[in-house]
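What the coordinates show
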Amino acid sequence: MGKIRKNLGEAELEIMQVIWDSAQPVTSNYILKELRGRRKWQLSTLMTSLARLADKGFVSCDRSTGSNLYTSVIAEDEYKAGASRHFLEKLYNNSIQNMIAALYNSQEMKSSDIEELRNFLDQLEEEE
């Protein structure tokens, strides 16, 4: 799909996380059970959300087995990469430096975060 054009809402992201975390297609009842404690949904509410996710092109539904089996159409990494690009463009003028500076200036970053980031960047350089 290349560039993600549609974003997931918070509830849709929770549903997709359940589907992504499963190694195989899942039923709506499985998703409902996994969301218990986070969402107090009736099955009909979940079905509406799943239909919306299918319309957006995030999930497909296999009805050939007698029970609806849902699988993701978009890989988790692909979605996260697109959503991250969109977030960076929208809030930080497409600058990672601006984002880190904002986190640092608002004291959201701890020295351990900076050290972790430094180690990660060093690792990337070693792999080149």
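Check the entry above for the structure.
Since the model is a prediction, treat every value here as computed from it, not as a measurement.

**Thoughts on the pattern of salt bridges**
Following the criterion strictly, the structure yields six salt bridges and no others. For R39, the salt bridge identified is with E10, shortest N-O distance 3.9 Å. Linking R39 in the loop between helix 2 (28-35) and helix 3 (43-55) with E10 in helix 1 (residues 10-21), this pair joins segments that are 29 residues apart in sequence. We classify E10 as exposed; its relative accessible area is 61%. As a salt-bridge pair, E14 and R39 come within 2.9 Å of each other at their nearest N and O atoms.

**Comments concerning the nonpolar core**
Among the nonpolar cores identified, the biggest contains 21 residues, and I15, M16, I19, I31, L46, L50 and L53 are the most heavily contacted of them. Residue assignment for this core shows that the elements contributing at least two residues are helix 1, helix 2, helix 3 and helix 4 (76-92). For this core, the element with the most residues is helix 1, which contributes six residues. Residues in contact with L53, not counting those within four places in the same chain, are L8, E12, I15, M16, F58 and V59.

**Looking at the packing of aromatic side chains**
Inspection of the entire model under this criterion finds three aromatic pairs. With centroids separated by 5.7 Å and ring planes inclined at 75°, the aromatic side chains of F58 and Y79 adopt a geometry described as edge-to-face. In this pair, F58 is assigned in the loop between helix 3 and strand 1 (59-62) and Y79 in helix 4, connecting sequence segments 21 residues apart. Neither F58 nor Y79 differs from the other in exposure class; each is buried. In textbook terms, an aromatic cluster arises when at least three aromatic residues are bridged by ring pairs, as seen for W20, F58 and Y79.

**Structural notes on the packing of helix 4 against helix 5 (residues 96-105)**
Two elements in contact, helix 4 and helix 5, have axes separated by 9 Å at closest approach and are oriented at 70°. Considering the angle they form, helix 4 stands roughly perpendicular to helix 5. For the pair formed by helix 4 and helix 5, the contact residues are F87, L88 and Y92 on the first element and I96, N98, M99 and A102 on the second. Partitioning the contact of helix 4 with helix 5 into residue classes produces six nonpolar, one polar and no charged.

So, how was this worked out
Residues numbered from 1 in each chain as written. Predicted model: local features only at pLDDT ≥ 70, side-chain atom pairs only at ≥ 80, totals over all residues. Heavy atoms only, no water. Salt bridge = Lys/Arg side-chain N within 4 Å of Asp/Glu carboxyl O. Helix = DSSP H or I, 4+ residues; strand = E, 2+ residues; numbered from the N terminus. Buried < 20%, exposed > 50% of the residue type's maximum accessible area, 1.4 Å probe, protein only. Core = buried A, V, L, I, M, F, W, Y, C linked by side-chain atoms within 4.5 Å. Contact = heavy atoms within 4.5 Å. Phe/Tyr/Trp six-rings, centres within 6.5 Å; stacked < 30°, edge-to-face > 60°. Axes fitted to C-alpha atoms, helices over the stretch in contact; angles between N-to-C directions. Parallel < 35°, antiparallel > 145°, perpendicular 65-115°, else oblique. Nonpolar A, V, L, I, M, F, W, Y, C, P; charged D, E, K, R; others polar.

Read these as spatial facts, not as claims about activity.
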